[in-house]
Amino acid sequence: MAEGANNGTRRPRPNLLITGTPGTGKSTTASALAEATNFRYICVGDLVKEKNLHDGWDDRFECHVINEDLVCDELEDVMEGGGVIVDYHGCDFFPERWFDRVVVLQTENSVLYDRLTKRGYSGTKLTNNIECEIFQVLLEEARDSYQEEIVIALQSDTIEDISDNVASLTEWITTWHGTGSPEKC
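On a predicted model such as this, the values are computed, not experimentally measured, just so you know.

Colleague: Honestly, the environment of Val104 in this entry has me stumped. Any pointers?
Modeller: Checked against the element boundaries, Val104 lands in strand S6 (residues 101-106). Its relative accessible area of 2% is what places Val104 among the buried residues. Once the C-alpha coordinates of Val104 and Gln155 are considered, the two residues, 51 residues apart in sequence, prove to be 8.6 Å apart. Discounting chain neighbours no more than four positions away, the residues touching Val104 are Thr19, Leu138, Leu139, Ala142, Val151, Ile152, Ala153 and Leu154.

Colleague: Looking at this structure, I do not really get the UniProt feature "binding site: ATP" (unreviewed entry) in the chain. What am I missing?
Modeller: The sites that UniProt annotates as "binding site: ATP" (unreviewed entry) are Gly23, Gly25, Lys26, Ser27, Thr28 and Arg119. Tracing the sequence through the fold places Gly23 in the loop between strand S1 (16-20) and helix H1 (26-37). The exposure class of Gly23 is buried, given its relative accessible area of 4%. When residues no more than four places from it in sequence are discounted, the contact partners of Gly23 are Thr107, Leu112, Arg115, Leu116 and Arg119. Of note, Ser27 is situated in helix H1.

Colleague: I would appreciate a short explanation of the pairing of S1 in the present structure.
Modeller: A regular strand carries its side chains on alternate faces of the sheet. Of all 5 residues making up S1, 5 are buried, and the element is well covered by its neighbours. Neither face of S1 is exposed, since Leu16, Ile18 and Gly20 on one face and Leu17 and Thr19 on the opposite face are all buried. Where S1 lies against strand S5 (residues 84-87), 3 bridges are found, and the strand directions are parallel. By the bridge assignment, Ile18 is partnered in S5 with Asp87. Sheet topology places S1 next to S6; 5 bridges connect them, and they run parallel. What sits directly across from Leu17, in S6, is Val102.

Colleague: Which parts of the structure should I look at to understand a nonpolar patch on the surface?
Modeller: The grouping of Ile134, Phe135 and Val137 at the surface amounts to a nonpolar patch, some 300 Å² of accessible area in total. In this structure, Ile134 sits in helix H5 (residues 123-134). Given a relative accessible area of 45%, Ile134 falls into the partly exposed group.

Criteria and cut-off values
- Residues numbered from 1 in each chain as written.
- Predicted model: local features only at pLDDT ≥ 70, side-chain atom pairs only at ≥ 80, totals over all residues.
- Heavy atoms only, no water.
- Helix = DSSP H or I, 4+ residues; strand = E, 2+ residues; numbered from the N terminus.
- Buried < 20%, exposed > 50% of the residue type's maximum accessible area, 1.4 Å probe, protein only.
- Contact = heavy atoms within 4.5 Å.
- UniProt positions renumbered as here; feature names shortened; annotations may be inferred.
- Pairing = 2+ DSSP bridges.
- Patch = residues over 30% accessible without salt bridge, like charges linked within 9 Å, V, L, I, M, F, W, Y side chains within 5 Å.
- Areas by Shrake-Rupley, 256 points an atom, 1.4 Å probe, with all protein chains shown as cover.
- Salt bridge = Lys/Arg side-chain N within 4 Å of Asp/Glu carboxyl O.

Shown next as structure tokens:
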């Protein structure tokens, strides 16, 4: 098997990170992709809660403060085997070698606003997440943290977008040969 974007680590199947602002469709996309490809799906937020991989609760943002070291320790062995889809709204603390494709989902601001308010987001939490999307914070974070050729941005406004994204990512997975190619989904 050829060496790939994962810094020379050889594995039979690629690992993907699905990231983006909350409400962009990460969980929907990642779980559908896992089902389509028979890959393992890991939602980091759920893992943090289940395994107590946090340092407490942030009242301002109404969420757990994850312990990044504990999360990475928990996932290290799982990631080595490949065939894993990780879903999380951040990406800069994961080891670069873990991923062969980093997908940043993006959503039009009015669509995102509606999704987040339906989830009960308000105040600082709502404003912060909308601003993150406007300023493309997560796309920039991904580009700063991973090789340019493995980072892609995909639009995720509608169910059709999500279906198209799952189809194109499934196609990418089936053509992956450990080389980080093809360049596009």
